[in-house]
Amino acid sequence: MNKVIYLKPEKEKSLLRKHPWVFAGAIARVRETPLPGETVEVLSHKGNWLGRGAWSPISQIRVRMWTFSPEEVVDTRFFLNRLKQALSLRQNADGSFPDAFRWVAAESDGLPGLIADRYGDWVVLQFLATGSEFWRSEIVQGIGTLFPVRGIYERSDVDVRKKEGLAPQSGLLYGEAPPMNLWIREGGFRAGIDIYQGHKTGYYLDQSENRARLGHMATGKNWLNTFSYTGGFSLAALAGGAKHVLNVDSSAHALARSEENHRQNGFDTSRYDHLEADVFKCLRGFHTEERLFDGIVLDPPKFVESKFHLEKAARAYKDINRLAFHLLRPGGVLFTFSCSGLMDAGLFQKIVADSALDAQRDVQFIHRMGQAADHPVRSTFPEGFYLKGLICRTCNEN
Ligand code: SAH
């Protein structure tokens, strides 16, 4: 029998709306203390059954819900079913799978605290909460059963685990260790993935559709790709016929990998450059030099770590967007992004609009962008929506 927790009066509302989190403050009593990650039955104050979830004794998110169906038991088969369902949603129309994709997007795929990304013959997992941690061997087994992998690697070396009372962890979980540089195909280019040290699980899969869109608009243009990391947007631009791309990043390591990615794709070396610099300083310098580009990508790291940083982050976004507008030729395009979940799409658009005004540019928004379809957002879990982007076009001369 699973242990039972009771909520405070009126605290069942979000669960009735199938939101997957129960905060510590909503809990009235716990009959018998569960182990970290153990499955608990969640009941309303009046004793009505609401759902079943994973107990997390330290986190403010005290329970993450696995199911709202009384007949659904949380066991090995449950994980196999959820993984199978998530996988089927990533299948191409012809039954094949993309070379690299997010297989499991945590809460939005009904598996809170679990990320699974496929890169070629390998799958990379992140166990981000006590619940997914508790069921790790069933999850690893399920992945291995459902997909012909050569290996499964763990990249749970992330800070959020601390909030769950879990230590960072990484290493091989199953099969063969991945190569230091794992080549995957995306659209018209190849990218080398560093599963061991790369950001996230190795690559920004969430930007794949936006890279493709940029590829379609790239022909003949001179691009400035800021916060370029391993060059994703640049590879898409060059594969799409861009004239030239200047990649700017502060990490020498990321730039070295980007160079390698460009070489492997066989692009003529006259078509791209790499610059190790701080983007803020670099944009200012280019503005002073009156340099102009036909297209600019602004894909900064998360500026908002908590709601207390929102104002400061808003200023940073405004700063780089204003500078970018200064550097655009008339008719030029800006791909601008924010991956901060705490900054909503409306506020981001307003910041970009204000930046255009400050730069005295007449700007049109021509597309709204988000995270790729393999990073879905459950309608009951709006927190899952984090990546937003705008394609802006400048109209005037000055
Ligand atoms: N656009 C990339 C992902 C960007 S990740 C892609 O599609 O793959 C953010 C990058 O910004 C990292 O590579 C990091 O090294 C870089 N970065 C962070 N702060 C920076 C700064 N102030 N100046 C330059 N680069 C910065």
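Being a predicted model, the structure only gives us computed values, none of them experimental.

### Focus on the nonpolar core
Consideration 1: Ranked by internal contacts, the top residues of the largest apolar core, which has 35 residues, are Tyr 119, Ile 184, Ile 195, Tyr 203, Trp 223 and Phe 335.
Consideration 2: Sorting the residues of this core by element identifies β9 (122-127), β12 (182-186), β13 (189-193), α7 (232-239) and β18 (328-338) as the ones contributing at least two each.
Consideration 3: Residue contributions to this core peak at 5 residues, all from α7.
Consideration 4: Taken together, domain 2 (76-175) and domain 3 (182-394) each give at least three residues to this core, which thus spans both.
Consideration 5: Not counting the four nearest positions on each side in its chain, Ile 195 is found in contact with Tyr 119, Trp 122, Val 124, Tyr 153, Arg 155, Pro 178, Leu 182 and Thr 201.
Consideration 6: Core analysis: the second largest hydrophobic core is formed by 34 residues, Phe 325, Leu 327, Ala 356 and Cys 392 among them.

### Section: the environment of Lys 3
Consideration 1: Summarising the element assignment, Lys 3 is placed in strand β1 (residues 3-7).
Consideration 2: A residue is classified by how much of its surface remains accessible, and Lys 3, at 18% relative accessible area, is buried.
Consideration 3: C-alpha of Lys 3 to C-alpha of His 216: the two residues are 213 residues apart in sequence and 54 Å apart in space.
Consideration 4: Aside from chain neighbours lying at most four places away, what touches Lys 3 is Glu 32, Thr 33, Pro 34, Glu 38, Thr 39, Val 40 and Glu 41.
Consideration 5: Separated by 3.5 Å, the side chain of Lys 3 and the backbone oxygen of Thr 33 make a polar contact.
Consideration 6: Of note is the side chain of Lys 3, whose polar atom sits 3.5 Å from the side chain of Glu 38.

### Some points on unusual backbone geometry
Consideration 1: Here the phi dihedral of Glu 10 falls at roughly 70 degrees; this positive angle occurs in a residue that is not glycine.
Consideration 2: In this fold, Glu 10 is placed in the loop between β1 and α1 (13-16).
Consideration 3: The backbone of Glu 290 sits at a positive phi, close to 60 degrees, despite the residue not being glycine.
Consideration 4: As for its placement among the helices and strands, Glu 290 is situated in the loop between α9 (279-288) and β17 (293-298).

### So, the sheet that holds strand β7 (residues 100-105)
Consideration 1: Spatially, the 5 strands line up as an open sheet ordered β7-β8-β9-β10-β11, and their pairing is mixed. Looking at the sheet topology across the chains shown, the edges are occupied by β7 and β11 (169-175). Between one strand axis and the next, the sheet turns by 20 degrees as a mean value, whatever way the strands run.
Consideration 2: Sheet analysis places β7 next to strand β8 (residues 114-119), joined by 5 bridges and oriented antiparallel. By the bridge assignment, Arg 102 is partnered in β8 with Asp 117.
Consideration 3: With respect to the sheet, helix α2 (residues 76-88) is in contact with β7 and β8, its orientation differing from that of β7 by roughly 140 degrees.
Consideration 4: On top of the sheet, helix α4 (residues 136-146) reaches β7, β8, β9, β10 (151-156) and β11; it is set at about 160 degrees to β9, its chief contact.

### Points about the site of the ligand
Consideration 1: Lining the immediate environment of the ligand, one finds 15 residues, of which Asp 249, Ser 250, Asp 278, Val 279 and Asp 299 sit closest.
Consideration 2: In the environment of the ligand, an oxygen atom lies 2.6 Å from a nitrogen or oxygen atom belonging to the side chain of Asp 249.
Consideration 3: Starting from 590 Å² of accessible surface for the ligand in isolation, the protein chains cover 88%.
Consideration 4: Partitioned by chemical class, the residues of the shell around the ligand number 7 nonpolar, 4 polar and 4 charged.

### What about the sheet that holds strand β6 (residues 61-67)?
Consideration 1: Across the sheet, which stays open at both edges, the 6 strands sit in the order β2-β6-β5-β4-β1-β3 with mixed pairing between neighbours. Whereas interior strands pair on both sides, the edge strands pair on one side only; in this sheet they are β2 (21-23) and β3 (27-30). Sheet twist, expressed as the average angle between the axes of neighbouring strands with direction ignored, equals 35 degrees.
Consideration 2: Relative to strand β5 (residues 49-55), strand β4 (residues 39-43) runs antiparallel, the two sharing 5 bridges. From the neighbouring strand, Val 40 faces β5, where its bridge partner is Gly 53.

### What to know about the domain arrangement of the chain
Consideration 1: Under the domain assignment, the chain is made up of domain 1 (3-67), domain 2 (76-175) and domain 3 (182-394).
Consideration 2: Opposite the 19 residues of domain 2 that make contact, domain 3 presents 21 residues.
Consideration 3: The largest share of the area that domain 2 buries against domain 3 comes from Ser 108, Tyr 119 and Arg 155, three residues that together contribute 38% of it.
Consideration 4: Taken together, domain 2 and domain 3 are joined by 11 residue pairs in polar contact (both at pLDDT 80 or more).
Consideration 5: Where the side of domain 2 that touches domain 3 is concerned, the elements lending two or more residues are β7, β8, β9 and β10.
Consideration 6: Ranked by the residues each element gives to the side of domain 2 that touches domain 3, the list is headed by β7, at 4 residues.

### Concerning the pairing of β8
Consecutive side chains of a regular strand alternate in pointing toward one face of the sheet and then the other.
Consideration 1: With 6 of 6 residues buried, β8 is to be regarded as a mostly interior element.
Consideration 2: Where β8 lies against β9, 6 bridges are found, and the strand directions are antiparallel. Bridge pairing links Tyr 119 to Trp 122 in β9.
Consideration 3: What sits between the antiparallel neighbours β8 and β9 is a turn of 2 residues, in which Gly 120 has the positive phi angle 55 degrees.

Analysis parameters
- Residues numbered from 1 in each chain as written.
- Predicted model: local features only at pLDDT ≥ 70, side-chain atom pairs only at ≥ 80, totals over all residues.
- Heavy atoms only, no water.
- Core = buried A, V, L, I, M, F, W, Y, C linked by side-chain atoms within 4.5 Å.
- Buried < 20%, exposed > 50% of the residue type's maximum accessible area, 1.4 Å probe, protein only.
- Helix = DSSP H or I, 4+ residues; strand = E, 2+ residues; numbered from the N terminus.
- Domains from an automatic or database assignment.
- Contact = heavy atoms within 4.5 Å.
- Polar contact = N/O pair within 3.5 Å; in protein donor to acceptor, adjacent residues only side chain to side chain.
- Pairing = 2+ DSSP bridges.
- Axes fitted to C-alpha atoms, helices over the stretch in contact; angles between N-to-C directions.
- Near = heavy atom within 4 Å.
- Areas by Shrake-Rupley, 256 points an atom, 1.4 Å probe, with all protein chains shown as cover.
- Nonpolar A, V, L, I, M, F, W, Y, C, P; charged D, E, K, R; others polar.
- Buried area = accessible area lost by both parts, 1.4 Å probe.

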